[in-house]
Amino acid sequence: MRRMNDPSTAPKPLSQGEHTAVNVTAAATAVLGLLGFVISFATVASAAAPSFGRLAWIVPLGVDLGIAVFSALDIVLARLGMRLRWLRLIPWILTAATVYLNIATYLSAPPVDWFAVVSHAVLPLLWVVAVEVGAHAVRKRADLAKADRMDGIRRSRWLLAPLATFALWRRMVLWEIRSYPAALARERDRILAKTDLQDRYGRLWRAKATRRERALYRLGELVPASARELVRPTPPKPLAPKNGKATPDVTDLIPVGRRVAADLNARGLPLTRDRLRAAVRQSGRSISTDRAGALLAQLRAEKTSKAA
């Protein structure tokens, strides 16, 4: 699973060509926004002159700059982890206000000049759109750089498998999995682990599996058999046969035996053949007395090799 500070979750560096395209696009957007700001400033200042006199220029300046200031404030607070969701409403309210102030004069005097209304509504929107696009780009870039950012799930998966996708998203949230590919890999392991439990215990595996296995399955930490074969360390060589009798093969029981040994050690109980055999049988696996003795010898050999 990827950690929260995994560099793969960081924004992808831009190439030189992409930098040039971004700079040109940003400059063009800024020019369009400036044109809209100038037209909006002149129109609103003229309309506010009868009420505000020489201070009429404050009205368009305050409204239009308020859109940029509150958009920037939303970005800063989001970057600091102090974001206020309702703060984004203020730029939109100011947008509605500046559009209304631009067209109010032409709506109040019939007959309505719809060409003037539409043109004076579109031009200030250039400024608003430029500010909103810039704010969205900065917000998106900052969000990609956040350490606690969680990947989204593609819409096509929601459409094709809504219930399974909701379950995957729920586990991403509960298990704090930030990476979508890591969540898919863990979901694959969970399905394979569930298949192993069904093969081992049958349809009633939830009732027959050990409490530890059920807990590890719910936590998504139960390793499927295929992955267990890949990560299983090389077992110690089998002990030499005694009295001409071959030593039973207990390779398949070593993982269970290690868990039993760890549990007994945590409880302060010595590892004996009878305890080992009883615990293995309680886990749902069959084991004879000879195999229990061979498994005990293997576990003790492992312990001795680690101590050495």
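Residues numbered from 1 in each chain as written. Predicted model: local features only at pLDDT ≥ 70, side-chain atom pairs only at ≥ 80, totals over all residues. Heavy atoms only, no water.

1. A word on the nonpolar core
Then, in step 1: By size, the foremost hydrophobic cluster in this structure holds 14 residues, and its most contacted members are L253, V260, L276, V280, I287 and L295.
Then, in step 2: Those elements that provide at least two residues to this core are α11 (254–267), α12 (273–282) and α13 (289–307).
Then, in step 3: Those residues in contact with V280 that lie beyond four places of it in its chain are L253, V256, R285, I287 and L295.
Then, in step 4: Judged by nonpolar contacts, the second largest core, of eight residues, contains L168, W175, Y180 and A182. (Core = buried A, V, L, I, M, F, W, Y, C linked by side-chain atoms within 4.5 Å. Buried < 20%, exposed > 50% of the residue type's maximum accessible area, 1.4 Å probe, protein only. Helix = DSSP H or I, 4+ residues; strand = E, 2+ residues; numbered from the N terminus. Contact = heavy atoms within 4.5 Å.)

2. Some words on the environment of A96
Then, in step 1: Looking at the secondary structure, you find A96 in helix α3 (residues 89–108).
Then, in step 2: Under the relative-accessibility criterion, A96 is labelled partly exposed at 49%.
Then, in step 3: Residues A96 and A121 lie 25 residues apart in sequence; the distance between their C-alpha atoms is 9.8 Å.

3. Here's the deal with the packing of α11 against α12
Then, in step 1: The geometry of α11 relative to α12 is characterised by a closest axis approach of 10 Å and an angle of 115° between their N-to-C directions. Like other packed secondary-structure pairs, α11 and α12 cross with a definite hand, here right-handed. Residue-level inspection shows V256, G257, V260 and L264 of α11 in contact with α12, the latter providing R275, L276, A279 and V280.
Then, in step 2: Looking at the contact of α11 with α12, its residues break down into six nonpolar, one polar and one charged. (Axes fitted to C-alpha atoms, helices over the stretch in contact; angles between N-to-C directions. Left-handed = near helix turned anticlockwise from the far one by under 90°. Nonpolar A, V, L, I, M, F, W, Y, C, P; charged D, E, K, R; others polar.)

4. Considerations on a nonpolar patch on the surface
Then, in step 1: A surface patch of nonpolar side chains, about 410 Å² in accessible area, is lined by F52, L55, W57 and I58.
Then, in step 2: With respect to the helices, strands and loops of the structure, W57 is situated in the loop between α1 (16–52) and α2 (58–79). (Patch = residues over 30% accessible without salt bridge, like charges linked within 9 Å, V, L, I, M, F, W, Y side chains within 5 Å. Areas by Shrake-Rupley, 256 points an atom, 1.4 Å probe, with all protein chains shown as cover. Salt bridge = Lys/Arg side-chain N within 4 Å of Asp/Glu carboxyl O.)

5. Examining the packing of aromatic side chains
Then, in step 1: If you walk through the whole model with that rule in mind, you get one aromatic pair.
Then, in step 2: Measuring from centroid to centroid gives 5.8 Å for F166 and W169, while their planes differ by 35°, and the two rings are tilted. Residue F166 and its partner W169 are located together in helix α6 (residues 162–174), separated by three residues, close to a single helical turn. (Phe/Tyr/Trp six-rings, centres within 6.5 Å; stacked < 30°, edge-to-face > 60°.)

6. Thoughts on helix α7 (residues 180–201)
Then, in step 1: A rise of 1.5 Å per residue sets the reference length of α7, with its 22 residues, at 32 Å; its end C-alpha atoms lie 31 Å apart and thus fit the reference within 8%.
Then, in step 2: At the C-terminal side of α7, G202 shows a positive phi close to 90°. (Expected span 1.5 Å × (residues − 1).)

7. Here's the deal with the pattern of salt bridges
Then, in step 1: All told, the structure shown has seven salt bridges when counted by the stated rule.
Then, in step 2: The partner of R188 in a salt bridge is D189, with the nearest N and O atoms 3.8 Å apart.
Then, in step 3: Since its relative accessible area comes to 51%, R188 is described here as exposed.
Then, in step 4: Through salt bridges with shared partners, a single ionic network connects R171, E187 and R190.

8. Remarks on the confidence of the model for the protein chain
Then, in step 1: The predicted model of the protein chain has a mean per-residue pLDDT of 75, with 81% of residues at 70 or higher.
Then, in step 2: Across the protein chain, the element-wise mean pLDDT spans from 52 in helix α10 (residues 225–231) up to 88 in helix α5 (residues 155–160).
Then, in step 3: When the criterion is pLDDT under 50, residues 1–9 qualifies, and its contacts beyond four places in sequence or with other chains add up to 14 contacts.
Then, in step 4: Note that pLDDT drops below 50 for residues 229–234; the model gives that stretch three contacts with residues more than four away or on any other chain. (pLDDT = per-residue confidence, 0-100.)

9. Structural notes on the environment of I58
Then, in step 1: Within the secondary structure layout, I58 lies in helix α2.
Then, in step 2: Linking I58 and F41, residues 17 residues apart in sequence, is a C-alpha distance of 9.3 Å.

10. Side note on the UniProt feature "transmembrane region" (unreviewed entry) in the protein chain
Then, in step 1: Residues annotated by UniProt as "transmembrane region" (unreviewed entry) correspond here to residues 21–49, 55–77, 89–108, 114–138 and 158–175.
Then, in step 2: The span residues 158–175 carries 89% helix and 0% strand; its end-to-end C-alpha distance comes to 20 Å. (UniProt positions renumbered as here; feature names shortened; annotations may be inferred.)

11. Structural notes on the side chain of T165
Then, in step 1: As for its placement among the helices and strands, T165 is situated in helix α6.
Then, in step 2: Apart from residues no more than four positions distant in its own chain, T165 is found in contact with I153, R157 and W158.

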